[in-house]
Amino acid sequence: MTARVSIGVSLKMYFGHSDARRWFSRVAGLAARHPAVADGRVEFFVIPTFLQVLPAVDAFAGTRTLVGAQDVAAWDRGAYTGEVGAPELAEVGVRVAEVGHAERRRLFGETDEVVAAKVAASLRSGIVPVLCLGEADRLDPAEAADATVAQLHAALDGAPGGRVIVAYEPVWAIGAAEPAPVAHIAVVAERLRAELDTLDGRDGSAVIYGGSAGPGLLAELGGSVDGLFLGRFAHDPDALAGVLDEAAALADARVDPRAADIRADAAAGAPTGVTS
């Protein structure tokens, strides 16, 4: 476990180009002003559509925000119509790439083999994969942990070395009214982190939670996860600012256990940092 806490946002295909640019402008200001993002205690990444990547790179220039891509080709270059390769993404400033999301698996038939190829392609180009894992059906926590650990090994076995952000997203919780229960998330996330710690060449890797994640969840999870992967909740920059405050409190508590009272304030909704 590292002290740094990671907060990511995937915009999926919700925003048009103009709406995305307006959101980038507001959130870039938030990222520049938020002390924990500015000093690196909180790692913040934003994953827009392919067409929105270049404006996002421009908007977040001068901040520590990482811009990502929602997909990446399994091949570096060649006759692959409609695909975008990791070398080109890295060239324009993409730092992370979402790989293996449940929607890609369900809608586009991506298999474990395809996911593994995309993870490897990302790492070859120095892009950090945001590797999405999660059981399709609601299982008990131990069974869910077994299933996601199997996915983790399928995605990483034989892949080049490099940091990975594992996003635990149980499929049954994506788009639900509530996230998975805290106790369930904790069992699976801690098992995933323990597995990551056994793998060579994965220093600095993290396990974050996604799936109807929102305010208060990070404070409840505490040290069980290294951050959150947000969806529509983060469309409101003010709501996003609150989660960044919670992340800052958690990062401080990891460095100094006496900061637990700060984390409690965050859970209660007290301001602990900058809001937009």
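Residues numbered from 1 in each chain as written. Predicted model: local features only at pLDDT ≥ 70, side-chain atom pairs only at ≥ 80, totals over all residues. Heavy atoms only, no water.

### Considering the overall build of the protein chain
Phase 1 of the analysis: Broken down by element type, the protein chain carries 11 helices and 8 strands.
Phase 2 of the analysis: For the protein chain, whose C-alpha radius of gyration is 17 Å, the value lies close to the compact-globule estimate of 19 Å for 276 residues.
Phase 3 of the analysis: Relative to its 276 residues, the protein chain shows a buried fraction of 51%.
Phase 4 of the analysis: Contacts in the protein chain between residues far apart in sequence, at least 24 positions, make up 73% of those at least 6 positions apart.
Phase 5 of the analysis: Counting every atom, the protein chain has about 11600 Å² of accessible surface; 52% of that belongs to carbon and sulfur.
Phase 6 of the analysis: Across the protein chain, the 24 positively charged side chains and the 37 negatively charged ones have centroids separated by 5 Å. (Helix = DSSP H or I, 4+ residues; strand = E, 2+ residues; numbered from the N terminus. Rg over C-alpha atoms; globule rule 2.2 N^0.38 Å. Buried < 20%, exposed > 50% of the residue type's maximum accessible area, 1.4 Å probe, protein only. Contact = heavy atoms within 4.5 Å. Areas by Shrake-Rupley, 256 points an atom, 1.4 Å probe, with all protein chains shown as cover. Lys, Arg positive; Asp, Glu negative; His and termini not counted. Charge placed at Lys NZ, Arg CZ, Asp CG, Glu CD.)

### Some details on the packing of helix α7 (residues 141-156) against helix α8 (residues 182-197)
Phase 1 of the analysis: Interhelical geometry of α7 versus α8 gives an angle of 35° and a closest axis separation of 9 Å. Regarding α7 and α8, the two cross each other, and that crossing is right-handed. Only His184, Val187, Val188, Arg191, Leu192, Glu195 and Leu196 of α8 make contact with α7, whose side of the interface consists of Pro141, Ala142, Ala144, Ala145, Asp146, Thr148, Val149, Leu152, His153 and Leu156.
Phase 2 of the analysis: Its residues assigned to classes, the contact of α7 with α8 shows 11 nonpolar, 3 polar and 3 charged. (Axes fitted to C-alpha atoms, helices over the stretch in contact; angles between N-to-C directions. Left-handed = near helix turned anticlockwise from the far one by under 90°. Nonpolar A, V, L, I, M, F, W, Y, C, P; charged D, E, K, R; others polar.)

### Things to note about the pattern of salt bridges
Phase 1 of the analysis: Counted by the stated rule, this structure contains 16 salt bridges.
Phase 2 of the analysis: The partner of Arg254 in a salt bridge is Asp226, and the shortest N-O contact between them spans 3.0 Å. Of this pair, Arg254 sits in helix α10 (residues 237-255) while Asp226 sits in the loop between α9 (217-221) and β8 (227-230); the two residues are 28 residues apart in sequence, bridging distant segments of the chain.
Phase 3 of the analysis: Taking the relative accessible area as the measure of exposure, Arg254 reaches 16% and is therefore buried.
Phase 4 of the analysis: Overall, the relative accessible area of 3% leaves Asp226 in the buried class.
Phase 5 of the analysis: One connected set of salt bridges, linked through shared partners, spans Asp71, Arg104, Glu110 and Lys118. (Salt bridge = Lys/Arg side-chain N within 4 Å of Asp/Glu carboxyl O.)

### Examining the nonpolar core
Phase 1 of the analysis: Ranked by internal contacts, the top residues of the largest apolar core, which has 69 residues, are Ile7, Phe44, Tyr209, Leu228 and Leu240.
Phase 2 of the analysis: In terms of residue count, α10 provides more of this core than any other element does, 8 residues in total.
Phase 3 of the analysis: Setting aside its immediate chain neighbours within four residues, Ile7 contacts Val42, Glu43, Phe44, Phe45, Leu218, Gly227, Leu228, Leu230, Leu240, Val243, Leu244 and Ala247.
Phase 4 of the analysis: Counting residues in hydrophobic clusters, the runner-up holds 11 residues, among them Cys132, Ala167, Ile208 and Phe229. (Core = buried A, V, L, I, M, F, W, Y, C linked by side-chain atoms within 4.5 Å.)

### Overview of helix α6 (residues 112-124)
Phase 1 of the analysis: In a regular helix each residue adds 1.5 Å, so 13 residues correspond to 18 Å; α6 covers 18 Å between its end C-alpha atoms and thus fits that length.
Phase 2 of the analysis: Inspection of α6 places Val115, Ala116, Lys118, Val119, Ala120, Ala121, Ser122 and Leu123 among the buried residues, and these make up the whole buried set.
Phase 3 of the analysis: Looking at the buried side of α6, the elements it contacts are α4 (86-92), β4 (96-99), α5 (102-108), β5 (128-133) and α7.
Phase 4 of the analysis: Just beyond α6, the residue with positive phi is Gly126, at close to 75°. (Expected span 1.5 Å × (residues − 1).)

### With respect to the packing of α6 against α7
Phase 1 of the analysis: At a minimum axis separation of 7 Å, α6 and α7 run at an interaxial angle of 55°. Judged by the inter-axis angle, α6 sits oblique to α7. Here Asp112, Val115, Ala116 and Val119 of α6 come into contact with α7, specifically with Ala154, Ala155 and Leu156.
Phase 2 of the analysis: Each residue belonging to the contact of α6 with α7 can be placed in one class, and the counts come to 6 nonpolar, no polar and 1 charged. (Parallel < 35°, antiparallel > 145°, perpendicular 65-115°, else oblique.)

### Quick notes on α8
Phase 1 of the analysis: Across its 16 residues, α8 extends 22 Å between first and last C-alpha, which sits within 8% of the 22 Å expected from 1.5 Å per residue.
Phase 2 of the analysis: When we look at burial in α8, the residues that qualify are His184, Ile185, Ala186, Val188, Ala189, Leu192, Arg193, Glu195 and Leu196.

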